[in-house]
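So you can see what is in the structure, the chains are spelled out below.
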Amino acid sequence: MAKAKRRSLLPMGNWEEFLKDAKPEFDTLFEMKIDKEYGKEDFEFIRTVGRGAFGRVFLVRMISTGEYYAIKVLDKSIIVKTKQVKHALNEKKILQAINFPFCVYLNYAFMDNSYLYFALPFIVGGEMFNLLRKLRKFDEPLVRFYAAQILLTFEYLHYCNLIFRDLKPENILIDQTGYLKLTDFGFCKIIQGRTYTLCGTPEYLAPEIILNKGYGMSVDWWTFGVLMYEMASGMAPFHAREPMKIYEKVVSGKYSMPKHFSSDLADLISNLLQVDLSKRYGNLKNGSNDIKEHPFYKDMNWLSLVNYKVQPPYVPVVTGASDTSNFDKYKEVSLEISSKDHYTKDFEDF
Ligand SMILES: Nc1ncnc2c1ncn2[C@@H]1O[C@H](COP(=O)(O)OP(=O)(O)OP(=O)(O)O)[C@@H](O)[C@H]1O
């Protein structure tokens, strides 16, 4: 895929106009012509920085330019066997189309007989998950700063009719400045109306997904509440060893609010973790404004935030653009490429 030119998003003075401007024309973007194809041989694979259900993510260097990227490699045979072809194609289309300060995007995509490859900007500060593990929990200014970026990102995605469906600290990366980038759009979907697929991560599943009722954007606001709770306490509000036990707790809506949460934080979370959709913040007639205008956010300047003008409370230690010290270590494997493509039909729209 050709490297798409990206308009500069800064500076911006009006949020509504910004949203309108940043909304992709999905139909035309999906037809974007490829004027130069890249392949695996154009990159030097340096090391694994992440692993997921369908493949791994590598730090790579583009040989011609010396630029670093993260390449997500998905195994076609696993995607087909687990019936995730649609999700993989969606992921590519959405990553290619979105354009938001707090999201990763697609630089290049290509495939060979065995794998799909997504080249993304390499986000050097690592996963929020690792930072949370290290600090055990975040203090409230950090919770406020991180959650605010996720809120704006969801506002943008929902404005584009996209539902994210897989929020969790593992899918949130921290860049060298301390700002966030949401990654893993594997479950992200364009929706009009309701959808039914059971997907996400057990601790973060909204009750309406578990109850198989058909759901919409409301599920993202539920996960937003779960994330705020987990950032502030170090634990998800609904946890158990067995997923079934987690689901029972989620649909009951019962969890305990840690005593150290400020009353503003506790109040906001309790309005997000509402099983009753007619009470859940984000899902009411004022949409995300109920969150933005909540006392927990009384001092937040939302436009400054999206313009990177708010000082991050935490800045990762990074030695350079290819520093992998903020990532876990993984056993390396070599990518075996089959001499025959058994899945030509499945991925003809890639
Ligand atoms: N752009 C990036 N820069 C740096 N690291 C990244 C990037 N994208 C992903 N990673 C790392 O790779 C990990 C796995 O990526 P991702 O979640 O997209 O894969 P996945 O196969 O969809 O995973 P899962 O099975 O958990 O859904 C991330 O948690 C992160 O640590």
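Residues numbered from 1 in each chain as written. Predicted model: local features only at pLDDT ≥ 70, side-chain atom pairs only at ≥ 80, totals over all residues. Heavy atoms only, no water.

**A few points about the site of the ligand**
Item 1. Looking at the ligand, there are 18 residues lining it, with Ala53, Lys72, Pro121, Glu127 and Asp184 nearest.
Item 2. In the environment of the ligand, a nitrogen atom lies 2.8 Å from a nitrogen or oxygen atom belonging to the backbone of Pro121.
Item 3. Within the backbone of Ile123, one N or O atom sits 3.0 Å away from a nitrogen atom of the ligand.
Item 4. Comparing atom positions with the cavity grids shows the ligand to sit within the largest pocket.
Item 5. Every element with two or more residues in the shell around the ligand is listed here: strand 1 (43-51), strand 3 (68-75) and strand 5 (115-121).
Item 6. Looking at the shell around the ligand, its residues break down into 10 nonpolar, four polar and four charged. (Near = heavy atom within 4 Å. Polar contact = N/O pair within 3.5 Å; in protein donor to acceptor, adjacent residues only side chain to side chain. 1 Å grid on protein atoms, 1.4 Å probe; cavity = no way out; pocket = protein on both sides within 12 Å on 5 of 7 lines; lining within 4 Å. Sits in = over half its atoms within 2 Å of the grid points. Helix = DSSP H or I, 4+ residues; strand = E, 2+ residues; numbered from the N terminus. Nonpolar A, V, L, I, M, F, W, Y, C, P; charged D, E, K, R; others polar.)

**Section: the UniProt feature "domain: Protein kinase" (unreviewed entry) in the protein**
Item 1. Per the UniProt record, "domain: Protein kinase" (unreviewed entry) is annotated on residues 43-297.
Item 2. Split by type, residues 43-297 is 36% helix and 18% strand. Its first and last C-alpha atoms lie 43 Å apart. (UniProt positions renumbered as here; feature names shortened; annotations may be inferred.)

**Points about the side chain of Lys72**
Item 1. Considering the arrangement of structural elements, one finds Lys72 in strand 3.
Item 2. According to the relative accessible area criterion, Lys72 is buried, its value standing at 14%.
Item 3. A polar contact of 3.3 Å, which involves the side chain of Lys72, links it to the side chain of Asp184.
Item 4. Beyond its immediate chain neighbours, meaning those up to four positions away, Lys72 contacts Arg56, Val57, Glu91, Leu116, Tyr117, Phe118 and Asp184. (Buried < 20%, exposed > 50% of the residue type's maximum accessible area, 1.4 Å probe, protein only. Contact = heavy atoms within 4.5 Å.)

**Remarks on the UniProt feature "binding site: ATP" (unreviewed entry) in the protein**
Item 1. As recorded in UniProt, the sites labelled "binding site: ATP" (unreviewed entry) are Lys81.
Item 2. By secondary structure assignment, the location of Lys81 is in helix 3 (residues 76-81).
Item 3. What makes Lys81 exposed here is its relative accessible area of 64%.

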